[in-house]
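# Breakdown of the fold
Here is how the chains run, residue by residue.
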Amino acid sequence: MNRNLRWFLLISWLILIFVLSHMAGEESSEQSRFVVWLFSAIGLDLNGWFGEMTMWIVRKAAHTFEYFMLCIFAHNVIHIYIRSNRRFLYALAAAFFYACTDELHQIFINGRAGCIEDIMIDTFGALLGLLSIFLWYYIKKARTQ
């Protein structure tokens, strides 16, 4: 993958996370409700406590996925400049730092709040991203041997 595409993917993803975080609380909740509605459409009853729990899971899964991809894109850019194994730590640190700034940003958005729990979930997503990169390298290496 060429350098410009790597940078484009990373910057686009950072902007996407920023835009999603900039939505007011009610607008953000509507997106989660749509996913819950899809579950209901296939016959799952998500009313009451179970529905609230499902909304929470959907929102946290979105956080995990956002930072899973962010870590992969960050690693792909960092790998252009750093070939040592430190690139993995730098990618994780970049995702963690962006999660911190994202939660700080949300403090200033109507109906949103910065949450340390979300930083932890975001970082977990980034760790899963790193795990997928390690698996990719492991499979790639095993195929060449």
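One structure accompanies this document, and this report is about it.

## Some points on the environment of leucine 130
- Relative to the assigned elements, leucine 130 resides in helix α5 (residues 116-144).
- Sequence spacing of leucine 130 and leucine 89 is 41 residues, and the spatial spacing of their C-alpha atoms is 9.1 Å.

## Some thoughts on the pattern of salt bridges
- Following the criterion strictly, the structure yields two salt bridges and no others.
- Across the pair glutamate 117 and lysine 60 runs a salt bridge whose closest N-O atoms are separated by 3.8 Å. Residue glutamate 117 is located in helix α5, and its partner lysine 60 is located in helix α3 (residues 48-81); the two are separated by 57 residues in the primary sequence.
- With its nearest N and O atoms 2.5 Å apart, the salt bridge here joins aspartate 118 to lysine 60. One end of the pair, aspartate 118, is in helix α5; the other, lysine 60, is in helix α3, and 58 residues separate them in sequence. The burial state of aspartate 118 is the same as that of lysine 60; both residues are buried.
- Within this structure, Lys60, Glu117 and Asp118 form a network of salt bridges that share partners.

Cut-offs and rules
Residues numbered from 1 in each chain as written. Predicted model: local features only at pLDDT ≥ 70, side-chain atom pairs only at ≥ 80, totals over all residues. Heavy atoms only, no water. Helix = DSSP H or I, 4+ residues; strand = E, 2+ residues; numbered from the N terminus. Salt bridge = Lys/Arg side-chain N within 4 Å of Asp/Glu carboxyl O. Buried < 20%, exposed > 50% of the residue type's maximum accessible area, 1.4 Å probe, protein only.

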